[in-house]
2 protein chains.
Amino acid sequence: MGLTAAGGDMIAVMRHDCPVCRSEGLGSRAQVVLRAGGREAVVSLLHSSGDTPDPGEIGLSETAWARLGVKAGDRVEVAHAPPLASLRAVRRRIYGERLSQAAFSAIVADIAEHRYSDVHLSAFVTACSAAPLDQAETIGLTKAMVEVGEQLSWPGPIVVDKHSVGGLPGNRTTPIIVSIMAAEGLVMPKTSSRAITSPAGTADTMEVLAPVDLDIAAIRRVVAREGGCIAWGGAVRLSPADDVIIGVERALDIDAVGQLVASVLSKKIAAGATHLVIDVPVGPTAKVRSLEAARDLEAALTSVAAAFGLRTRVMYGPGAEPIGRGIGPALEALDILAVLQGEPGVEDLAHRACELAGGLFELAGVAAPGAGLARARQSLESGRAWAKFKRICQAQGGMRSPPVARFQRDLTAPSSGRIASIDNRKLATVAKLAGAPMAKAAGVAVHARLGQLIVAGSPLCTLHAESPGELDYAAAFALSDGAIFAIAAP
Amino acid sequence: MGLTAAGGDMIAVMRHDCPVCRSEGLGSRAQVVLRAGGREAVVSLLHSSGDTPDPGEIGLSETAWARLGVKAGDRVEVAHAPPLASLRAVRRRIYGERLSQAAFSAIVADIAEHRYSDVHLSAFVTACSAAPLDQAETIGLTKAMVEVGEQLSWPGPIVVDKHSVGGLPGNRTTPIIVSIMAAEGLVMPKTSSRAITSPAGTADTMEVLAPVDLDIAAIRRVVAREGGCIAWGGAVRLSPADDVIIGVERALDIDAVGQLVASVLSKKIAAGATHLVIDVPVGPTAKVRSLEAARDLEAALTSVAAAFGLRTRVMYGPGAEPIGRGIGPALEALDILAVLQGEPGVEDLAHRACELAGGLFELAGVAAPGAGLARARQSLESGRAWAKFKRICQAQGGMRSPPVARFQRDLTAPSSGRIASIDNRKLATVAKLAGAPMAKAAGVAVHARLGQLIVAGSPLCTLHAESPGELDYAAAFALSDGAIFAIAAP
């Protein structure tokens, strides 16, 4: 077998009438512990009523298979998983009690080890949303999430970092900011994620330009040499419970402030950051939709970060339209190259990257208040950031050229007028249907900007795909009900 | 395939690199809709990274297979399931809003159709526990649960019913009460459940004595002829969302009053009951552990039942030790036969059955207040109840003799003294390890009673099993740490 699912992907399948299930009373959905050759793993049991596996046999997901280190035909011992003591704390939280640091540590350790089923995970997430985490609890959860994973440390007193709360297509400022910071002598060991529900994560985009799959030793080597890196965080296991919890929040489509704060800060604290700028785009289809919500988030982020000695600055930004032209790994990579090389057409991305880099300069005390933006601009315009970016790519394994999609199609304006609004969510979906992020060259290049005057028949955006089927598919969805670009009569 | 799991068992498996998953962005744990030959089904998608199924193929659980009516090689269309509108209500409930009748109806309909994943189910259950259901909400949930399933109606103004909140081994009063009620001319069309986590459900026990797998037509026929039946409820689909919700509550080990009330009452209202007695054993290892908790439950049960015109009486009972001698289907069936035939040794079971039957007589206005118990006793002692029970068994398909376990072993007192306490939960586990309820003859026959003086070496209970392995297994657990029978020095 090789099943993956759920909060974890630790799954076993046994026949419902298997004598082991019968005598042990192992029902479907039970958490069971498997033991083989001195190793053990807790998995979710699914009953099968089909032909496989045979009674007395067990099928394992690949993760469980690897964790146990077994091969076909090996003996595996199966028993009820010991009751999870930390679930008592989850129940107390459901009934309104506040949880201690120790309780969060126990819960998060079990989550990181994939001992919680989806039912348990969802109960924890829901309970912490129904009665929102207070500040002490948010600190407790953050600390627990940091401690359960790897923790990096760096020589020198200042380690800068950047996070974007996201929800906006494009907006791929990270590689630019790292280049500026490292070019100006600051340390910025950046780990980023791959896309989960978006058309590209920073790691997907950066991978178009250089290898990103670095282990801790490689990250240390690159940072020692160049002062910065742009690596995929997946090999590093910073705050491993975070990915599990985020998966559940996504399935529920809920975003509680306390959990968002713990999620963002735990990864940064574990990465050894001392100064952090947080990009919060505010807009009708961004993750944060009102300035009031943004202020609540800012207050929670800065107060909790302070408890860990992490200096944090939240910087609001525009969130009504994509930043940069490209959506999808290669198209976003082209935007980054254009900014670093001073080419025209990506001024919005260059400006936002310099604002955030400037904020970091000021936060770290490297630039006087108000002087950060100019310092970042200078780094970019002098070519120092571009030179640094190329050196970082070399250190990560060699620079690459972004691929170009074989199949492209323009979507044109059905009428003349002014661009009144852009549906960022639909844009992101179109880019995914075109194949992003798995098809690196796929995505959408956006030409029209908010407020721009458009003539009927001129291109609003261009779809890029690596197969004609995906191009058709994305185009059909783009043209289905609800225009991506709303055009107001001139 | 033939997987079963979770809130439902609607599951599909596709390769993670299947082009359909890729272009549609169908992640593991996604809810997807399958369409084939004009039928459709919503299933939880699991990604496989193993050899099967092939990319472009899909594996289905048996339920999904049956729902779609497909055969191997058929074309199946796969798409993201439409977002569940009722999840918006769940999110509102998480954030503290009270839900309307319409919201509960939408949620419960989706649950009954297995459209909720475990994550969604757990969020709903947790949210309704974190901020407990108020009375209006409990009524709303109950009504929604009734309406989503079958609803039975019966000629005549009085239809009596009985429920036990459970948690006590043995206590198999239902077949006795039905026999008494029907013998005295009342209508009691009883549907019961099979064991889920206990060593026997009423349906498992009754099945030892007569067929219980009756459809609605058969139930009507038996009740028309004899006034009562003792059938398995599984074929009837009364309050089908209840089983799904209970499964989640069990995984979380939480029991919220509002949900318990909706669970109990929805099945009874759907079954057409007009007068209901609820047996609430109160004891340290019973489901209700204090008189205070029992009073809260009683207030909620009677007030919500009244809103549906269902007259309800809660009757507290002893909950410190098993009622009857047997634990397990056949052993409990023998107790029932002993009570009905007036044999000695099961006075506690006879008394509790008559108390509850007497309560029903009084509630239904058939006996004056205080005269119910005597009326029930008379029905039992006259042999009328026994005659009626035999006729009901005949009507259900013919009476059977309980099987006797081939392998038995006494557990004896390690010291002399008085029985100070009995661990009911461990007793139940021992009965299950011995093979109950799947092995009908398996279980535990309890000989020692609370307060009884015991001589070292005399039997406390006898384990019954259908295989020597299960007997050994149950005995080993029974003798492991934590005695089932605590013996105080004389």
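Fair warning: this is a prediction, and the values are worked out from it, not measured in the lab.

Overview of the sheet that holds strand E10 (residues 275-282) of chain A
Two pairing modes exist for strands in a sheet, parallel and antiparallel, and in both the strands are linked by backbone hydrogen bonds. Residues and elements named next belong to chain A. Strands sit in the order E7-E10-E11 across an open sheet of three strands; the sheet is parallel. Edge positions in the sheet fall to strand E7 (160-164) and strand E11 (311-318), since each has one partner strand and no second. Averaged over neighbouring strand pairs, the angle between their axes works out to 20° when direction is ignored. Examined bridge by bridge, E7 and E10 share five bridges and lie parallel to one another. Opposite histidine 163, over in E10, you have isoleucine 278 as the bridge partner.

Concerning the packing of helix H7 (residues 174-183) of chain A against helix H15 (residues 372-381) of chain A
If you want to describe how two helices pack, look at the angle between their axes and the distance between the axes. All names here are of chain A. At a minimum axis separation of 10 Å, H7 and H15 run at an interaxial angle of 95°. Overall, the two elements H7 and H15 adopt an arrangement that is roughly perpendicular. On H15, the residues touching Ile176, Ile180 and Ala183 of H7 are Ala376, Ser379 and Leu380. Broken down by class, the residue content of the contact of H7 with H15 amounts to five nonpolar, one polar and no charged.

Examining the nonpolar core
Ile111 and Phe124 of chain A together with Ile111 and Phe124 of chain B are the most contacted members of the largest nonpolar core, which totals 62 residues. Not counting chain neighbours up to four residues away, the residues in contact with phenylalanine 124 of chain B comprise Val90, Phe104, Ile107, Ile111, Leu141 and Ile245 of chain B.

Side note on the confidence of the model for chain A
Mean pLDDT over chain A stands at 91; residues scoring 70 or higher make up 96%. In the model, residues 1-8 of chain A has pLDDT below 50 throughout and makes 38 contacts with residues more than four positions away in sequence or in other chains.

Here's the deal with the UniProt feature "domain: Pyrimidine nucleoside phosphorylase C-terminal" (unreviewed entry) in chain A
As annotated by UniProt and renumbered to match this structure, "domain: Pyrimidine nucleoside phosphorylase C-terminal" (unreviewed entry) occupies residues 418-485 of chain A. Secondary structure across residues 418-485 of chain A divides into 32% helix and 28% strand, with the first and last C-alpha atoms of the span separated by 10 Å.

Brief notes about the sheet that holds strand E10 (residues 275-282) of chain B
Residue and element names in this part refer to chain B. Spatially, E7-E10-E11 is the arrangement adopted by the three strands of the open sheet, whose pairing is parallel. At either end of the open sheet lies a strand with only one pairing partner, and these are strand E7 (160-164) and strand E11 (311-318). Within the sheet, the average angular offset between the axes of one strand and its neighbour, ignoring direction, is 20°. On the sheet, helix H11 (residues 257-270) packs against E7 and E10 and is oriented at approximately 155° with respect to E7.

A few points about the environment of valine 42 of chain B
Residue and element names in this part refer to chain B. Along the chain, valine 42 falls in strand E4 (residues 39-48). According to the relative accessible area criterion, valine 42 is buried, its value standing at 16%. Note: C-alpha distance between valine 42 and glutamate 113 (71 residues apart in sequence) is 8.6 Å. The contacts of valine 42, once residues within four sequence positions are left out, are Met10, Gln31, Val32, Val33, Ala81, His114 and Arg115.

Description of the packing of helix H9 (residues 216-226) of chain A against helix H16 (residues 384-396) of chain A
Residue and element names in this part refer to chain A. Between H9 and H16, whose axes approach to 9 Å, the crossing angle comes to 150°. By the criterion of interaxial angle, the relationship of H9 to H16 is roughly antiparallel. You can see that H9 and H16 cross each other, and the crossing is right-handed. Contacts between H9 and H16 involve Val222, Arg225 and Glu226 from the first element and Lys388, Arg391, Ile392, Gln394, Ala395 and Gln396 from the second.

Focus on the packing of aromatic side chains
Per the counting criterion, the structure on display carries four aromatic pairs over all chains. Centroid distance phenylalanine 104 of chain B to phenylalanine 124 of chain B: 6.4 Å. Interplanar angle 70°. Geometry classified as edge-to-face. Highlighted residues: phenylalanine 104 of chain B in helix H4 (residues 101-112) and phenylalanine 124 of chain B in helix H5 (residues 118-130), separated in sequence by 20 residues. When its relative accessible area of 0% is taken as the criterion, phenylalanine 104 of chain B is described as buried. Between tryptophan 386 of chain B and phenylalanine 389 of chain B, the ring centres sit 6.4 Å apart and the planes meet at 20°, which makes this aromatic pair stacked. Of this pair, tryptophan 386 of chain B and phenylalanine 389 of chain B both sit in helix H16 (residues 384-396), three residues apart, which is roughly one turn of the helix. For the cation-ring pair, arginine 194 of chain A lies above tryptophan 232 of chain A, with the distance from its terminal atom to the ring centre recorded as 4.7 Å. The ring of tryptophan 154 of chain B has arginine 220 of chain B lying over it, and the distance from NZ or CZ to the ring centre is 5.2 Å.

Basis of the calculations
- The residue numbers shown here count from 1 along each chain, following its written sequence.
- For this description, chains carry letters from A and ligands carry numbers from 1, given in the order in which they are written.
- Only residues with pLDDT of 70 or above have their local features reported here, since the model is predicted, and side-chain atom pairs are shown and tallied only from 80 upward, although totals for entire chains, interfaces and linings are computed over all residues.
- The side-chain values count all of the structure's non-hydrogen atoms but skip hydrogen atoms and water molecules.
- At least two DSSP bridges between two strands are required for those strands to pair.
- Each helix is a run of DSSP H or I of at least 4 residues and each strand a run of E of at least 2, with the numbering of both proceeding from the N terminus.
- Helix axes are fitted only over the stretch in contact, all axes being lines through C-alpha atoms; the angle between N-to-C directions runs from 0 to 180 degrees.
- By the definition adopted for this analysis, an angle is roughly parallel if under 35 degrees, roughly antiparallel if over 145, roughly perpendicular if from 65 to 115, and oblique otherwise.
- What makes two residues a contact is simply this: any of their non-hydrogen atoms within 4.5 Å.
- The residue classification treats Ala, Val, Leu, Ile, Met, Phe, Trp, Tyr, Cys and Pro as nonpolar and Asp, Glu, Lys and Arg as charged. All others, Gly included, are polar.
- Definition used in this section: a nonpolar core is a set of buried Ala, Val, Leu, Ile, Met, Phe, Trp, Tyr and Cys residues joined via side-chain atoms within 4.5 Å.
- Working definition: with a 1.4 Å probe on protein chains only, accessible area under 20% of the residue-type maximum means buried, over 50% means exposed, and in between means partly exposed.
- Residue-level confidence of the predictor is what pLDDT reports, using numbers from 0 through 100.
- UniProt positions are given in the numbering used here, feature names are shortened, and annotations may be inferred rather than shown by experiment.
- For a crossing to be left-handed, the near helix must be turned anticlockwise from the far one by less than a right angle; the clockwise case is right-handed.
- Pairing of aromatic rings covers Phe, Tyr and the six-membered ring of Trp, with a centre-to-centre limit of 6.5 Å; geometry is then stacked below 30 degrees between planes, edge-to-face above 60, and tilted otherwise.
- Our definition puts a charge over a ring when NZ of Lys or CZ of Arg is within 6 Å of the ring centre and also within 35 degrees of the ring normal.

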